[in-house]
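Summary of the model geometry
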Amino acid sequence: MKLAEDCVPSKVQELHMELAVNMQDGNAGSSAESIMAKARLLEKNHDYNQAIDAYLEMSKETTADMDYLERVWEDAAKLAMNHVHDRSTEVVSTASKRLVGIGRFEAAAELYEGIDAVKQAIDVYIAGGLWDKARDLGKRTPKLAKYVADMHVKQLMANEQADELVSSGNVREGLELYAQHGEWEKVHELAKNQGPDAAAKYSLKHAKFCLTSQKYGEAAAVLANHGIQAVPTPEMIELHKAVAAALIANSTSSDEGLEDLKKMLYKAVSAIKETGGNANGQLQILEKLHLIAHFALLRVQCKAKGLNDLAAKQAVTLLRYIGEIPVASAFYQAGALGSSLLFASR
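Residues numbered from 1 in each chain as written. Predicted model: local features only at pLDDT ≥ 70, side-chain atom pairs only at ≥ 80, totals over all residues. Heavy atoms only, no water.

What follows deals with the overall build of the chain. Along the backbone of the chain there are 20 helices and zero strands. Across the 346 residues in the chain, those meeting the buried criterion constitute 42%. Taking contacts inside the chain between residues at least 6 apart in sequence as the whole, the part at least 24 apart equals 48%. (Helix = DSSP H or I, 4+ residues; strand = E, 2+ residues; numbered from the N terminus. Buried < 20%, exposed > 50% of the residue type's maximum accessible area, 1.4 Å probe, protein only. Contact = heavy atoms within 4.5 Å.)

Okay, here's the thing in structure tokens:
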């Protein structure tokens, strides 16, 4: 090589190339040293296209040094951006994907930023959990800012991070997660702060869950204590009727839930009266249910105190409301109390 430099300078570049290729071919696989020798020489001789390809030959198979790989792939991308503009997008995309593959998210995103591929850069920041950088970049346009915010919510939802959703201002999504997890105390506390409509919405959701789980007393307590709709909907009326029927049918010897049932129905009646609405006779339906709950509670309380005659009268009174309460339950309780009175009189 020294002889060539002294005697045939025009052949030096060619000899360097041949030497680099021979070094590469002479190794089992391509060594990092031979690849880099070739790449540096090509770059030095302004053969940028081939230099880029040579740099991109570097991989995890040729070196275990991830810092070195990061620098080499960045060099390939910068060569394209500075000297081979028509390959900028292709090379940056290749280099960035490889950087992501070795966990170098910030470096990958910065390469995308270098060619003004803002959306791709944001996606890489998001993939790496670099939310502050994603938000900063998203400030360029309202559309991108919304995209970052929506993606953050989506990730928090996927990871079921309800507390983080709430603390970041995404209360609606946080409420849904709390409800899915059955964290009802958190649900009601948070919903209350969002206003009466939210409180009523999640009160109904919780009560439905309790009804399905056959926790009738809890369902009544939820509706009594955590809000109802100011203007009751058909759905709410049906829920109140279902809770009332289930509680009354299962209250043969205990007043559990009946006090809450009365309170629940009283609040519903009061709400309708305050708004002056009574679509489809909703007020009369709820007033009737409230009266049924009153008689049912009296029946249980009288029975508990040994006042069986009064308990029997309440049970018979409840027969008037068959349709609102189950037929079998009403007749069974009236019959049972009537039989006990007959036995006592003998």
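Our next topic: the pattern of salt bridges. Summed over the entire model, instances satisfying the criterion amount to 21 salt bridges. Among the ionic pairs, E235 bridges to K208, the shortest N-O distance being 2.0 Å. With E235 in helix α16 (residues 234-249) and K208 in helix α14 (residues 196-212), this pair connects stretches of sequence that are 27 residues apart. Under the relative-accessibility criterion, E235 is labelled partly exposed at 42%. Through salt bridges that share partners, R40, E43 and D75 make up one connected network. (Salt bridge = Lys/Arg side-chain N within 4 Å of Asp/Glu carboxyl O.)

A few words now on the packing of helix α5 (residues 66-83) against helix α6 (residues 88-101). A pair of packed helices is captured by two measures, namely the crossing angle of their axes and the spacing between those axes. Packing of α5 against α6 leaves a shortest axis separation of 8 Å and a crossing angle of 165 degrees. By the criterion of interaxial angle, the relationship of α5 to α6 is roughly antiparallel. The two elements α5 and α6 cross, and the hand of that crossing is left-handed. Contact with α5, carried on its side by E70, W73, E74, A76, A77, A80 and M81, involves S88, V91, V92, A95, R98 and L99 of α6 and no other residues of that element. When its residues are assigned to classes, the contact of α5 with α6 shows nine nonpolar, one polar and three charged. (Axes fitted to C-alpha atoms, helices over the stretch in contact; angles between N-to-C directions. Parallel < 35°, antiparallel > 145°, perpendicular 65-115°, else oblique. Left-handed = near helix turned anticlockwise from the far one by under 90°. Nonpolar A, V, L, I, M, F, W, Y, C, P; charged D, E, K, R; others polar.)

What follows deals with the nonpolar core. Ranked by size, the top nonpolar core spans 43 residues in total, and within it I52, Y55, M58, W73, L99, L111 and I122 carry the most contacts. Secondary structure elements with two or more residues in this core: α3 (32-44), α4 (48-55), α5, α6, α7 (105-114), α8 (118-127), α9 (131-138) and α10 (142-158). The biggest single contributor to this core is α5, with eight residues. Sequence-distant contacts of L99, defined by excluding residues within four places in its chain, comprise E70, W73, E74, R104, A107, A108 and L111. Y216, V269, L289 and V300 belong to the second-largest nonpolar core, a separate cluster that totals 37 residues. (Core = buried A, V, L, I, M, F, W, Y, C linked by side-chain atoms within 4.5 Å.)

Moving on: the packing of aromatic side chains. A full pass over the atoms with the stated rule returns one aromatic pair. With a centroid separation of 6.1 Å and 40 degrees between ring planes, the pair formed by W184 and F209 is classed as tilted. With a gap of 25 residues between them, W184 in helix α13 (residues 184-193) and F209 in helix α14 connect regions that are remote in the sequence. (Phe/Tyr/Trp six-rings, centres within 6.5 Å; stacked < 30°, edge-to-face > 60°.)

Before going further, it helps to examine the environment of Q282. For Q282, the location among the structural elements is in helix α18 (residues 282-304). Its relative accessible area of 9% is what places Q282 among the buried residues.

From the geometry alone we can't say anything about function, so treat these as descriptive.
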